[in-house]
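Now for the letters of each chain:
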Number of protein chains: 2
Amino acid sequence: MPRLARAEELYEAVNQLIRVHQFRDRDYICCHDVSVAQCYALETLVKRGPLRLQALADEMYLDKSTTSRVVDSLLRKQYVLKLHDPDDQRAIQLSLTPSGEALYQTIHQDLISEEASMIKDVPPEVVDGALTLIRQLTIAARNRLGS
Amino acid sequence: MPRLARAEELYEAVNQLIRVHQFRDRDYICCHDVSVAQCYALETLVKRGPLRLQALADEMYLDKSTTSRVVDSLLRKQYVLKLHDPDDQRAIQLSLTPSGEALYQTIHQDLISEEASMIKDVPPEVVDGALTLIRQLTIAARNRLGS
DNA sequence: CATTATAGTTGTTACTAACAACATAGTGAC
DNA sequence: GTCACTATGTTGTTAGTAACAACTATAATG
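As the structure is a computational prediction, the values presented were derived from the model and not from experiment. The residue count restarts for each chain, going from 1 along the sequence in the order it is written. Chains carry letters from A onward and ligands carry numbers from 1 onward, assigned in written order. Given that this is a predicted model, residues contribute local features only at a pLDDT of at least 70 and side-chain atom pairs are listed and counted only at 80 or more, while totals for whole chains, interfaces and linings are drawn from all residues. Only heavy atoms go into the side-chain values, all of them from the structure, while hydrogens and water stay out.

**A word on the overall build of chain A**
Counting from the N terminus, the helices are the DSSP runs of H or I reaching at least four residues and the strands are the DSSP runs of E reaching at least two. Regarding its fold elements, chain A presents six helices and three strands. If you line up chain A on its principal axes, its C-alpha atoms span 55 × 35 × 25 Å. Counting every position in chain A, which comprises 147 residues, the buried fraction comes to 48%. In what follows, a contact means two residues having at least one pair of non-hydrogen atoms within 4.5 Å. Across chain A, contacts joining residues at least 24 apart in sequence account for 51% of those joining residues at least 6 apart. Throughout, exposure labels follow a simple rule: accessible area from a 1.4 Å probe, protein chains only, divided by the maximum for the residue type, with under 20% read as buried, over 50% as exposed, and the rest as partly exposed.

Here it is as structure tokens:
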């Protein structure tokens, strides 16, 4: 298969996967107290620990203004905490409250058990293979974004 | 690795891939005359041929009202055509205009050559492996949505 | 100390997307 | 044939997603 044809097939396949995942995420996340973007912010704070706003924005590939408003809504719902950095009065440290952490764990478990159901008929070694490859593709894509 | 841990890793990996692709799509599509959703509608009409509104909505996993408005904007820009079904006065047949077709081809080629650059250092057999697996995952996910 | 750079917020605009209510047009039951 | 039911699209409304530009306040640099 020529190079461009392979690229096309891959593009197509990833796109389909994205649609399905997006649709599912809307379903599973929004029945809890947060939106998809809000949940993603919670997730990032769980994974990376307390972050500054700009760092959070970078992790999420979002503008700082968009991120500021997403954080605002989490703040109002008391899922995150905002502390001024003592070394830099401009900066804020964002961290999860216990209820934010708890909410994320609930949603996460929902999503993971859903994912587990999805792959229940796919052989483990096939999943492992997919994992490695998907990660490689992500790294390749990320490297290109940076340049 | 236990079953849930594998599911968790996969969920994580797919999520990362999705973020990167979404970010890139925003970049590459929106500098043309259409938004991401509008481009997706064009793509669906290219792939499936003329469709009714509800059928288009089903393909895109969107509500018919959302789809109606996406189509509206494509109509105003004269990228799609709306024809009444002679057999059913309620229904409309949506099809691409030549300029809609042309615009999609331009964007598509941009995206594909970008995808090709991304995977230029990934061995072809690795890409082929990823392809098969990504498709399998999509099918598994889709089947679960239907049920 | 003036200039420049950085961190975050707010104003504005456009897109994404669902749900509910609606008008209209087919489909069946009787 | 008419009444109820269903299906197709559109419109009103609300909420979430997201960028860009302008702004305030703070920090760093010369």
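Let's pick the thread back up.
**Some points on the pairing of strand S3 (residues 88–96) of chain A**
All names here are of chain A. When DSSP finds two or more bridges between two strands, those strands count as paired. Across two bridges, the pairing between strand S1 (residues 51–52) and S3 is antiparallel. Its bridge partner being in S3, Arg52 is matched across the sheet by Gln93. Direction of pairing for strand S2 (residues 80–85) relative to S3: antiparallel, over a ladder of six bridges. For Leu81, the partnering residue across the bridge sits in S3 and is Ser95. Hairpin connection between S2 and S3: a loop of two residues separates the two successive antiparallel strands.

**A few points about the confidence of the model for chain A**
The predictor attaches a confidence to each residue, called pLDDT, with possible values from 0 through 100. Here chain A averages 90 in pLDDT, while 98% of its residues score no lower than 70. For chain A, helix H6 (residues 124–146) of chain A is the element with the lowest average pLDDT, namely 82, and S1(A) is the one with the highest, namely 97.

**Brief notes about the protein's contact with DNA strand D**
If you check the shell around DNA strand D, you find 24 residues, and the closest are Ser35(A), Ser65(A), Gln89(A), Arg69(B) and Lys82(B). At the protein interface, 53% of the atoms of DNA strand D within 4 Å belong to sugar or phosphate. Under the rule applied, a polar contact is a pair of N or O atoms within 3.5 Å (in protein, one hydrogen donor and one hydrogen acceptor; residues adjacent in sequence only if both atoms are side-chain atoms). In this structure, Gln54(B) approaches DNA strand D through a main-chain N or O atom, which is 3.0 Å from a phosphate oxygen. Of all elements in the fold, only helix H2 (36–48), helix H4 (64–76) and S3 of chain A together with helix H3 (53–60), helix H4 (64–76) and strand S3 (88–96) of chain B reach the threshold of two or more residues within the surface near DNA strand D. Per-element accounting of the surface near DNA strand D gives the leading share, four residues, to H4(B). Gly falls in the polar group here, along with every residue not listed as nonpolar (Ala, Val, Leu, Ile, Met, Phe, Trp, Tyr, Cys, Pro) or charged (Asp, Glu, Lys, Arg). Taken together, the residues of the surface near DNA strand D sort by class into seven nonpolar, seven polar and ten charged. If even one non-hydrogen atom of a residue comes within 4 Å of a molecule or strand, that residue is called near it.

**Focus: the pattern of salt bridges**
Side chains carrying opposite charge are able to pair once their charged atoms draw close together. Note on definitions: salt bridges are taken to be side-chain nitrogens of Lys or Arg within 4 Å of carboxyl oxygens of Asp or Glu. Tallying each qualifying case throughout the model produces 22 salt bridges over all chains. Residue Arg6(A) pairs with Asp128(B) through a salt bridge whose shortest N-O separation is 3.0 Å. One end of the pair, Arg6(A), is in helix H1 (residues 3–29); the other, Asp128(B), is in helix H6 (residues 124–146), on a second chain. Here Arg24(B) makes a salt bridge to Asp25(B), at a shortest N to O gap of 3.3 Å. Judged by its relative accessible area of 1%, Arg24(B) is buried. The class of Asp25(B) is buried, set by a relative accessible area of 9%. Ionic contacts of the salt-bridge type, sharing partners, join the residues Glu12(A), Arg19(A), Glu43(B) and Lys47(B) into one network.

**Re the interface of chain B and chain A**
The partner chain A presents 59 residues to the 59 residues of chain B that form the contact. Along the contact surface separating chain B from chain A lie eight salt bridges. The closest approach of N and O atoms between Arg19(B) and Glu43(A), which form a salt bridge, is 3.7 Å. Summed over the shared surface of chain B and chain A, the number is twelve residue pairs in polar contact (both at pLDDT 80 or more). Sort the elements by how many residues they give to the side of chain B that touches chain A and helix H1 (residues 3–29) of chain B lands first, with 23 residues.

**Points about the nonpolar core**
Here, the term nonpolar core denotes a set of buried Ala, Val, Leu, Ile, Met, Phe, Trp, Tyr and Cys residues that are joined through side-chain atoms within 4.5 Å. Grouped together as the largest cluster of nonpolar side chains are 90 residues, with contacts concentrated most on Ile134(A) and Ile134(B). If near-sequence neighbours (up to four positions away) are discounted, Ile134(B) is found in contact with Leu10(A), Ala13(A), Val14(A), Leu17(A), Ile134(A) and Leu137(A).

**Details of the environment of Leu133(B)**
Mapped onto the elements of the fold, Leu133(B) is located in helix H6. In this view, Leu133(B) contacts Val126(A), Gly129(A), Ala130(A) and Leu133(A); residues no more than four positions away in its chain are not counted.

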